Amino acid sequence: MGAGVLSGSAADPSEAPEGFHRVGGALHVDGVPLATIAGAVQTPAYVYAASTIRARYTRLARAFADVPHRIHFAVKANSNLAVLALLRELGAGVDIVSGGELYRAQQAGFGGRDVVFSGVGKTSDEIAQALDGGVLLINVESEAELTAIDAVAASRGVVAPIAIRVNPEVTVDTPHAYIKTGEKGGKFGIPRDDVTRLIEVATTLPHVTLRGLGMHLGSQIGNADPLRDALPRLVHLLGVARAAGHDIRYMDVGGGLSVPYAPGDVDADVEDYAALVRAAQAETRLALVLEPGRFLVAEAGVLLTTVLYRKHANGKDFVVTDAGMNDLIRPSLYQAYHAIEAVEAAPSRITADIVGPICESGDFFAKDRSVDDVPAGGLLVLRTAGAYGFSMASNYNSRPRAAEVLVDGDRYAVVRHRETLDDLVRLERPHPDWRTA
Ligand SMILES: *Cc1c(COP(=O)(O)O)cnc(C)c1O
């Protein structure tokens, strides 16, 4: 379902297809044609389907319905305030990695108790901001950070609730090395052999209270093997922390659930994942913290772009789009695959390189890809762009960042305006305001 022609019973809203689907060849999001959005807000634009975010959230929440848990959305995957507010309404908390993300979460209506603060390099200012905001947990990634948190908490006369991020040192199979985070030798977490000592250090610090242990193995984890190896290590260390007298309440299993990008990719087996995590939870009886990012939002988004030019050179076809690597860097950075489709059904296909306008050879979305044959002026979408899309966008080549649009049923709203030329230079001064050293 969800693809093909709308049937005669479409008057019943419960029958209207949700998410991305075609009506008479034209790609729609819920009840809105993508061509309508392109006409109204121009391109490039990110378009998100609220219905897909709801469906993904509900699917994960159902799998954990009968155990104490909270889904803390990893804000770095998609930090748009409207997306955050939607997830908050669904019951999510957030997992943040910077003071900027904390500010965004607060602007979207999250309270301190909704927030878990992760990340390997928190500044004293960010730690202070988190303590003032009353976050649920600060996930500690080094001994030096632990003492820094203690010092900042002391200066503010509070006790910081912390969790230790364990690096369980398992072998993680991800599509790109840059998205592994739970392997030996990486910068993330406390090596598992050092955790016991850090638990002891925490005991001696008066301004921290150890409330949990966590881990995050990486992103796009294709199967359950790393988790199967890592969970017993986490459970064991939780026992160590409790035996040391800490009032442990949380077991944070991180994010990393995969989504299908390319034909033949399989979706994460949520039930299998939940069964493993729940078995570990049953041993500890702690409240689970889940930190999915990509899983909740990737498939809910597309990058909508116009074909600027068709070009034929050295026996090769090129499709030049108005979106570039500054808008969506995943193909360049991770050799990531994004499906590319015409917005209005195209009669034929070609094999081409789909490239952006940026002055970098790395600015491509696909190479030698069989794609819909769309002429200049036609619209394309890059699918599965709702995670690590806009949130990684930049102004490289002095390109204003794209608009973001949220669709819900038969309505749509611009939830981030396209940047203007003035936005590009607003913080700069052509005539420096010199200060004397
Ligand atoms: C990035 C990140 C996540 C989310 O990862 P996904 O692959 O998007 O699910 C969760 N936890 C931490 C600590 C992260 O850094």
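Residues numbered from 1 in each chain as written. Predicted model: local features only at pLDDT ≥ 70, side-chain atom pairs only at ≥ 80, totals over all residues. Heavy atoms only, no water.

Draft legend 1. Representation of the sheet that holds strand β1 (residues 20-23). Reading across from one edge, β1-β2-β3 is the order of the three strands in this open sheet, with antiparallel pairing throughout. The strands lining the two open edges of the sheet, one partner per strand, are β1 and β3 (32-33). Bridge analysis of strand β2 (residues 26-29) against β3 gives two bridges, and the strand direction is antiparallel. The residue bridging V29 from the neighbouring strand is V32, located in β3. (Pairing = 2+ DSSP bridges. Helix = DSSP H or I, 4+ residues; strand = E, 2+ residues; numbered from the N terminus.)

Draft legend 2. Representation of the side chain of H21 in the model. Here H21 is to be found in strand β1. A polar side-chain atom of H21 sits 3.0 Å from the main-chain carbonyl oxygen of G19. (Polar contact = N/O pair within 3.5 Å; in protein donor to acceptor, adjacent residues only side chain to side chain.)

Draft legend 3. Here's a closer look at the packing of helix α2 (residues 50-63) against helix α3 (residues 81-90). Put simply, α2 and α3 touch, their axes get as near as 11 Å, and they point 40° apart. Relative to α3, the element α2 lies oblique. At the point where α2 passes α3, the crossing takes the right-handed sense. Along the contact surface, α2 presents A50, I53, R54 and Y57, while α3 presents V83, L86, L87 and L90. When its residues are assigned to classes, the contact of α2 with α3 shows seven nonpolar, no polar and one charged. (Axes fitted to C-alpha atoms, helices over the stretch in contact; angles between N-to-C directions. Parallel < 35°, antiparallel > 145°, perpendicular 65-115°, else oblique. Left-handed = near helix turned anticlockwise from the far one by under 90°. Contact = heavy atoms within 4.5 Å. Nonpolar A, V, L, I, M, F, W, Y, C, P; charged D, E, K, R; others polar.)

Draft legend 4. Quick peek at the site of the ligand. The environment of the ligand is formed by 14 residues, the closest being K76, S219, E291, R294 and Y388. One of the side-chain N or O atoms of H216 is found 3.5 Å from a nitrogen atom in the ligand. Within the backbone of R294, one N or O atom sits 2.8 Å away from an oxygen atom of the ligand. Grouping the constituent residues of the shell around the ligand by class yields three nonpolar, six polar and five charged. (Near = heavy atom within 4 Å.)

Draft legend 5. Representation of the environment of N397. For N397, the location among the structural elements is in the loop between β19 (379-382) and β20 (403-408). Since its relative accessible area comes to 33%, N397 is described here as partly exposed. Placed 25 residues apart in sequence, N397 and D422 show a C-alpha to C-alpha distance of 15 Å. Residue contacts for N397: discarding those within four places in its chain leaves P357, I358 and C359. (Buried < 20%, exposed > 50% of the residue type's maximum accessible area, 1.4 Å probe, protein only.)

Draft legend 6. Looking closely at the pairing of strand β13 (residues 287-290). With three bridges connecting them, strand β5 (residues 69-74) and β13 associate as parallel partners. Note on β13: the bridge partner recorded for R70 is V289. In the sheet, strand β12 (residues 250-252) pairs with β13 via three bridges, with the strands oriented parallel. Pairing of M251 across the sheet is with L288, part of β13. Running through helix α9 (residues 270-284), the crossover from β12 to the neighbouring parallel element β13 is right-handed. (Right-handed = clockwise from strand over helix to strand, strands pointing away.)

Draft legend 7. Broad picture of the environment of T209. As for its placement among the helices and strands, T209 is situated in strand β11 (residues 208-214). Along the chain, T209 and L276 lie 67 residues apart, while their C-alpha atoms are 28 Å from each other. Apart from the residues lying within four places of it in its own chain, the contact partners of T209 are V159, A160, P161 and I162.

Draft legend 8. Here's a closer look at the packing of aromatic side chains. Across all of its chains, the model carries three aromatic pairs by this definition. Note on Y46 and F390: the rings are 6.0 Å apart at their centroids and 85° apart in plane angle, and the pair reads as edge-to-face. Here the residue Y46 occupies a position in strand β4 (residues 45-49), and F390 occupies one in the loop between β19 and β20, the gap between them amounting to 344 residues. Judged by relative accessible area, which is 0%, Y46 ranks as buried. On the numbers, 6.1 Å between centres and 80° between planes, the contact of F64 with Y273 is edge-to-face. Pair noted here: F64 is in the loop between α2 and β5 and Y273 is in helix α9, with a separation of 209 residues, a long-range link. Taking the relative accessible area as the measure of exposure, F64 reaches 0% and is therefore buried. For Y273, a relative accessible area of 11% translates into the label buried. Above the ring of F364, the side-chain terminus of K367 is found at 4.3 Å from the ring centroid. (Phe/Tyr/Trp six-rings, centres within 6.5 Å; stacked < 30°, edge-to-face > 60°. Lys NZ or Arg CZ within 6 Å of the ring centre and 35° of its normal.)

Draft legend 9. A look at the nonpolar core. In this structure, F64 and M251 are the most contacted members of the largest nonpolar core, which totals 109 residues. Filtering out sequence-adjacent residues up to four positions away, F64 remains in contact with H69, Y273, A274, V277, R278, L288 and L290. Among the nonpolar cores identified, the runner-up in size contains 19 residues, and F20, V29, A49 and A403 belong to it. (Core = buried A, V, L, I, M, F, W, Y, C linked by side-chain atoms within 4.5 Å.)

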